[in-house]
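A structural walkthrough
The primary structure of each chain is shown beneath.
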Amino acid sequence: MPEIKVTPLGAGQDVGRSCILVTTGGKNIMLDCGMHMGFNDERRFPDFSYITEGPLTEFLDCVIISHFHLDHCGALPYMTEMVGYSGPIYMTQPTKALCPVLLEDMRKVAVERKGETNFFTSSMIKDCMKKVITVSLHETVQVDADLEIKAYYAGHVLGAAMFHIRVGQQSLVYTGDYNMTPDRHLGAAWIDKCRPDLLISESTYATTIRDSKRCRERDFLKKVHDSVERGGKVLIPVFALGRVQELCILLDTYWDRMNLKVPVYFTMGLAETANKYYRMFITWTNQKIRRTFVHRNMFDFKHIKPFDKTYMDNPGPMVVFATPGMLHAGLSLAIFKKWAPNPSNMVIMPGYCVQGTVGHKILNGAKKIDFENRTSVEVNLSVEYMSFSAHADAKGIMQLVRHCEPKNVLLVHGENAKMDFLRQKIMQEFNINCYKPGNGETAHIAVSSNLEVEVSLSLLKHTMAAAALTTPPALPLAASTSGKTEEHPTKKQKVLHGVLIMKNNSMKILGVNEAWGELGVVSHQLRFTERIEVEHIGPVQALTSSLHTLLSHKLGASQVQVVSEYQLSVADSVVINIQDENDDPGKNILLSWTHQDEALGSKLLEIIKANYKK
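Since this is a predicted model, take the numbers as computed values, not measurements.

For the rest of this paragraph, the subject is the overall build of the chain. Each helix and strand in the chain was counted, giving 16 helices and 32 strands. Dimensions of the chain along its principal axes, counting C-alpha atoms only, are 130 × 65 × 45 Å. Each of the 614 residues in the chain was classed as buried or not, and the buried ones make up 50%. Considering only contacts within the chain whose residues lie at least 6 apart along the sequence, 70% involve residues at least 24 apart. For the chain, the computed accessible surface area is about 28900 Å², with 51% contributed by carbon and sulfur atoms. Here the chain contributes 67 positive and 65 negative side-chain charges, whose respective centroids are spaced 9 Å apart.

This is the structure:
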């Protein structure tokens, strides 16, 4: 039985380093190629040696990147330029524009600040992006003769897409990260009811059902307001694009409404980057942003100003949005180290934190953080977690499964224990198989194949005619209440004898003679002829008419044709000729059929002998 094989090289029972290897219909496809934020050693990137020890080009048909977050694209230049891959890479236009921005930012942190040496260069990022082919929403892209992909809107961040992948009769959907709920600047994820063999879904919030967005926003604004009113400093670690736009719109509007004078800052360059790309890809935002963009740019913030490192030591309250979002490096970590000892201050984590990051540690109650250079920081500031993450929660994942109607589900990008809970729920509610392989494990998903085969109409007619002769007579039923005896025909499967022709990616079943014509082959036909002497006084036309009436009654009028006064044709292949012997009162019936029509010929012979033979 055909199957789809799925092997996570990253994000298998884990969050981060998304990299899913799929084999379907003889094609090898890599879904995402991310890095792990919690590691700085060889575990940072996926283990490509699982595929092969050398370059990957010969072993992969294509790579698909769902969005620009580094845990989904961070290993791409390493794979293409250092491991070796020159095949096609597919992503949306906004993802292609933003990927190099975030990759270069990450490279600077790793090489220029941390001094790492075995890392990709700026020129490698550029060379990598030259291999990228962009995909528009709802555009079907033919990767090769057998493999096609189609992108759908995923919400989450600007340019994020879910992908429907089809190889022949096998199909799967890969969600990447997605959000089933619209927010202040993006719409909700949407996909056709495509009923794939397999749905590969992220499960970051596999057990979470978030409360209403308005409650979360009120709570966030109250916490920030209360903290700055007490004179404290508020740090909000965010990624360069996505949640920061959401929270900046929220905070800027609130500051304006409340007429607050406390300074709000963002990392230098963040607003310029956001404005540039949101203006360029305005069609990817929600309806409200698109409608108001002509009159007012929602990303030109009135109360939020660029941040300078020297502001860290400024007295008094302030709010700072700083990158990156999990406190694993960069300016957000530097500010945290400075502000953490002061109990008046606050850090608000607005999204998921991968295991191993400082964000994950403080969310789990760590009161002291040790760093690589043998320094440590006391954590006295208050730590708040508020889920403004743009991932689907448990309710959203179930909603997508219900809408998509897959035959199987496979969960990735989630914590093992939480995935277990969601897996059981999916299997129970939808009565389908659900898988959750770990990194390096292969899930084998059996799929059924439906082949579309066109059958010749004349062959069907011929087969039905032959079957009608061998079908037993109708069986009587018990008398009905009206006193009449009812009958129903017995149902029996019919065997179809024909030639299967595969031509131009289509399949047809034709009769033998039709097949020869289709293929341009000259055939040699073997026919059997039986001579039957019959007693019949009168003209030949009378015998022809009598035979026509008899056989039409037995087979159905449509199956028997009068060719001439001396000839009948049955089911377009069996020929009956009538010979009139002048010196003999009798006549001869010549019954001729091919070896394919043996059953029909034998039956006709039986009928004629029973009714006309001397």
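Here the focus is the packing of aromatic side chains. Overall, the coordinates contain 11 aromatic pairs when judged by the stated rule. For the pair Phe45 and Phe119, a centre-to-centre distance of 6.2 Å together with 45° between the ring planes defines the contact as tilted. Of this pair, Phe45 sits in the loop between β3 (27-31) and β4 (62-64) while Phe119 sits in the loop between α3 (93-113) and α4 (122-130); the two residues are 74 residues apart in sequence, bridging distant segments of the chain. We classify Phe45 as buried; its relative accessible area is 11%. Ring centres of Phe307 and Tyr311 lie 5.7 Å apart, and the angle between their planes is 90°; this geometry places the pair in the edge-to-face category. An aromatic cluster is present here, built from Phe45, Phe48, Tyr78, Phe119 and Phe120 joined pairwise through their rings. The ring of Phe45 carries Arg44 above its face, with NZ or CZ at 5.9 Å from the centroid. When the ring centre of Phe371 is taken as reference, the NZ or CZ atom of Lys337 above it lies at 4.2 Å.

Looking now at the sheet that holds strand β23 (residues 453-455). Taken together, the three strands give an open sheet; going across it, the order is β23-β27-β26, and neighbouring strands pair in mixed fashion. Edge positions in the open sheet fall to β23 and β26 (499-503), since each of these has one partner strand only. Recorded for the sheet is a direction-independent mean angle of 25° between the axes of neighbouring strands. Bridge analysis of β26 against strand β27 (residues 506-510) gives five bridges, and the strand direction is antiparallel.

Moving on, we get to the sheet that holds strand β15 (residues 318-322). Spatially, the six strands line up as an open sheet ordered β14-β13-β15-β12-β16-β19, and their pairing is parallel. At either margin of the open sheet sits one strand with a lone partner, and together these are β14 (304-307) and β19 (382-385). Shown here is a sheet whose adjacent strand axes are inclined to one another by a mean of 25°, direction ignored. Relative to β14, strand β13 (residues 264-267) runs parallel, the two being bridged by four bridges. Bridge pairing in β14 links Thr267 to Phe307.

Taking burial as the measure, the eight residues of strand β1 (residues 3-10) include six buried ones, the bulk of the element. Pairing of β1 with strand β22 (residues 443-446) involves four bridges; the strand directions are antiparallel. Bridged to Glu3 within β22 is Ala446. Direction of pairing for β1 relative to strand β2 (residues 19-24): antiparallel, over a ladder of six bridges. When the bridges of β2 are listed, Pro8 appears paired with Ile20.

Next up on the list: the packing of helix α11 (residues 394-404) against helix α12 (residues 416-430). Two elements in contact, α11 and α12, have axes separated by 11 Å at closest approach and are oriented at 35°. Considering only the axes of α11 and α12, their crossing is right-handed. On α12, the residues touching Ile397, Met398, Val401 and Arg402 of α11 are Leu422, Lys425, Ile426, Glu429 and Phe430.

The subject of this paragraph is helix α15 (residues 540-555). With 16 residues, α15 should reach 22 Å at 1.5 Å per residue; the first-to-last C-alpha distance of 22 Å fits that figure. Of all the positions in α15, only Val540, Leu543, Thr544, Leu547, Leu550, Leu551, Ser552 and Leu555 are classed as buried. Gly556, located one to two residues past α15, shows a positive phi value of around 110°.

Right, let's talk about the environment of Gly155 for a bit. Its location among the elements puts Gly155 in the loop between β8 (147-153) and β9 (161-167). Classification of Gly155 by relative accessible area gives buried; the value is 1%. Other than its neighbours up to four places away in sequence, Gly155 contacts Ala160, Leu186, Gly187 and Ala189.

The next point concerns a nonpolar patch on the surface. A grouping of Leu451, Val453, Leu500 and Met502 is seen on the molecular surface, where their side chains present a nonpolar patch of about 420 Å² in accessible area. The topology assignment puts Leu451 in the loop between β22 and β23.

Moving on: the state of the cysteines. With the rule as written, the count across this model stands at zero disulfides. Residue Cys73 stays outside any disulfide, its sulfur separated by 3.4 Å from that of Cys99, the closest cysteine.

With an omega dihedral of -5°, the bond running from Thr323 to Pro324 counts as a cis peptide bond. Note that Pro324 resides in the loop between β15 and α9 (330-339). The phi dihedral of His156 is positive, around 60°, even though this residue is not glycine. Residue placement: His156 occurs in the loop between β8 and β9. Positive phi, close to 45°, is recorded for Arg195, a residue that is not glycine. Structurally, Arg195 is set in the loop between β10 (170-174) and β11 (198-202). For Arg195, a relative accessible area of 44% corresponds to the partly exposed category.

To continue, consider the side chain of Asn179. Summarising the element assignment, Asn179 is placed in the loop between β10 and β11. Relative accessible area serves as the criterion here: at 5%, Asn179 is assigned to the buried category. Here Thr181 takes part through its backbone oxygen, which lies 3.1 Å from a polar atom of the side chain of Asn179.

Per the stated rule, a full pass over the model turns up 21 salt bridges. Residue Asp420 pairs with Lys436 through a salt bridge whose shortest N-O separation is 3.6 Å. Remark: Lys436 occurs in the loop between β21 (433-435) and β22 and Asp420 occurs in helix α12; sequence separation between them is 16 residues. For Lys436, a relative accessible area of 15% gives the class buried. The structure contains a network of salt bridges with shared partners spanning Lys27, Asp144 and Asp146.

What counts, and where the lines are drawn
- Residues numbered from 1 in each chain as written.
- Predicted model: local features only at pLDDT ≥ 70, side-chain atom pairs only at ≥ 80, totals over all residues.
- Heavy atoms only, no water.
- Helix = DSSP H or I, 4+ residues; strand = E, 2+ residues; numbered from the N terminus.
- Buried < 20%, exposed > 50% of the residue type's maximum accessible area, 1.4 Å probe, protein only.
- Contact = heavy atoms within 4.5 Å.
- Areas by Shrake-Rupley, 256 points an atom, 1.4 Å probe, with all protein chains shown as cover.
- Lys, Arg positive; Asp, Glu negative; His and termini not counted.
- Charge placed at Lys NZ, Arg CZ, Asp CG, Glu CD.
- Phe/Tyr/Trp six-rings, centres within 6.5 Å; stacked < 30°, edge-to-face > 60°.
- Lys NZ or Arg CZ within 6 Å of the ring centre and 35° of its normal.
- Pairing = 2+ DSSP bridges.
- Axes fitted to C-alpha atoms, helices over the stretch in contact; angles between N-to-C directions.
- Left-handed = near helix turned anticlockwise from the far one by under 90°.
- Expected span 1.5 Å × (residues − 1).
- Patch = residues over 30% accessible without salt bridge, like charges linked within 9 Å, V, L, I, M, F, W, Y side chains within 5 Å.
- Salt bridge = Lys/Arg side-chain N within 4 Å of Asp/Glu carboxyl O.
- Disulfide = S-S within 2.5 Å.
- Polar contact = N/O pair within 3.5 Å; in protein donor to acceptor, adjacent residues only side chain to side chain.

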